[in-house]
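Structural description and commentary
Spelled out, the chains give:
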Amino acid sequence: MNTNLAYRDEYPSELINGQIVMMSPSPSINHNRVKGNIYTLFKNYLKGRSCEVFPDGTDVYLTEKDCFIPDVTVICDHKKVKNDKIYGSPDLVVEVLSPSTAQRDRRYKKDVYEQCGVKEYWLVSQAEKSVEQYLLQEGCFVLNAVYTLYPDYMLADMTDEQKAELITEFKCSLYNDLTFSLTDIFERVK
């Protein structure tokens, strides 16, 4: 057995381009709130449906050199789900940005998810209270939109017309009837 892979199994880490990368220190409370909120919203929606949502801590093997642990993963092909890990491309991946991982989530991991055919990819900023939604189109991720929950002090400076133009809900591309509210995603995030 490869000792690197044995080490990976023993300590929280990801395999990124063939290199073992230790996971960041314990995530912040806000990070946990955001990923927990998103997981719960998917969990409630998918109950009784064919797709399944997995929380942080689930290994996703994408290539021989890449095994990531996304914050939230949605899988619709149950053949990819084994007892120990997920083997193959998820349908949707959510990464909640942290200062130590944001660059990797925005670049390398995004590229690998794209190449492996992930249909939808979210980059969620707890600090900015925003969600970047990327959709796979003709084999490439295209930024569909950036949704932001503005703080009260910014809303106070906006006109009624500006407030009316704000988008505070968005649809998941995988399902026609699944809408996410930014207020729900960022509930209790300070």
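Conventions used here
- Residues numbered from 1 in each chain as written.
- Predicted model: local features only at pLDDT ≥ 70, side-chain atom pairs only at ≥ 80, totals over all residues.
- Heavy atoms only, no water.
- Helix = DSSP H or I, 4+ residues; strand = E, 2+ residues; numbered from the N terminus.
- Expected span 1.5 Å × (residues − 1).
- Buried < 20%, exposed > 50% of the residue type's maximum accessible area, 1.4 Å probe, protein only.
- Arc of directions from axis to C-beta.
- Contact = heavy atoms within 4.5 Å.
- Disulfide = S-S within 2.5 Å.
- Core = buried A, V, L, I, M, F, W, Y, C linked by side-chain atoms within 4.5 Å.
- Pairing = 2+ DSSP bridges.
- Axes fitted to C-alpha atoms, helices over the stretch in contact; angles between N-to-C directions.

Taking 1.5 Å per residue as the helical rise, helix H2 (residues 29–46) with its 18 residues ought to reach 26 Å, and the 25 Å between its terminal C-alpha atoms agrees with that figure. For H2, every residue scored as buried is listed here: Asn30, His31, Val34, Lys35, Asn37, Ile38, Phe42, Tyr45 and Leu46. Each buried residue of H2 lies within a common arc of 155° when the element is viewed along its axis, so the set occupies one face. Exposed residues pointing more than 90 degrees away from the buried face of H2 are listed as Ile29 and Asn44. In this fold, the buried residues of H2 make contact with strand E3 (52–55), strand E6 (72–75), strand E8 (92–96), strand E9 (120–125), strand E13 (179–181) and helix H7 (182–185). One or two positions beyond H2, positive phi appears at glycine 48, with a value near 80°.

Our focus in this paragraph is the side chain of threonine 73. Turning to its location among the elements, threonine 73 is positioned in strand E6. Residue classification places threonine 73 among the buried positions, given a relative accessible area of 0%. Setting aside residues up to four positions removed in sequence, threonine 73 forms contacts with Glu52, Val53, Phe54, Val60, Ile86, Pro90 and Leu92.

Let us look at the state of the cysteines. All chains considered together, the criterion is met by one disulfide. You can see cysteine 67 has no disulfide; the closest cysteine sulfur is in cysteine 116, sitting 12 Å from it. When its relative accessible area of 0% is taken as the criterion, cysteine 67 is described as buried. Not part of a disulfide, cysteine 140 finds its nearest cysteine sulfur in cysteine 116, a span of 14 Å. A relative accessible area of 40% means that cysteine 140 is categorised as partly exposed.

Turning our eyes to something else, we now look at the nonpolar core. Membership of the largest hydrophobic core comes to 26 residues, with the highest contact counts inside it found for Ile38, Phe42, Trp122 and Val124. Every element with two or more residues in this core is listed here: H2, E6, E8, E9, strand E11 (140–148) and H7. Tallying contributions element by element places H2 first for this core, with five residues. With near-sequence residues (within four places) excluded, isoleucine 38 lies in contact with Val72, Val94, Trp122, Val124 and Ile185. Counting 17 residues, the second largest nonpolar core, distinct from the first, contains Ile16, Phe68, Val93 and Ala102.

Think of a sheet as strands paired side by side through backbone hydrogen bonds, with each pair either parallel or antiparallel. Spatial strand order, E3-E6-E8-E9-E10-E11: six strands in an open sheet with mixed pairing. A strand with exactly one partner marks an edge of an open sheet, and here the two such strands are E3 and E11. Each strand of the sheet is rotated relative to its neighbour by a mean of 15°, with strand direction disregarded. Where strand E10 (residues 130–137) lies against E11, eight bridges are found, and the strand directions are antiparallel. Residue pairing in the sheet places glutamine 133 in a bridge with alanine 145 of E11. Along the sheet, H2 contacts E3, E6, E8 and E9; its crossing angle with E3, the most-contacted strand, is approximately 160°. Contacts between helix H4 (residues 108–116) and the sheet are confined to E8, E9, E10 and E11, with E11 contributing the most and set at about 125° to the helix.

This part takes up the side chain of lysine 35. Along the chain, lysine 35 turns up in helix H2. Note on lysine 35: relative accessible area 10%, which makes it buried. Those residues within four positions of lysine 35 in sequence are excluded, and the remaining contacts are Pro27, Asp56, Asp71, Val72 and Val96.

The subject of this paragraph is H4. One turn of the α-helix equals 3.6 residues, which is why residues spaced by three or four share an orientation. Taken together, the buried positions of H4 are occupied by Lys109, Lys110, Val112, Tyr113 and Glu114. Looking one or two places after H4, you find glycine 117, whose phi comes out positive at around 90°.

These values are about where atoms sit, not about what they do.
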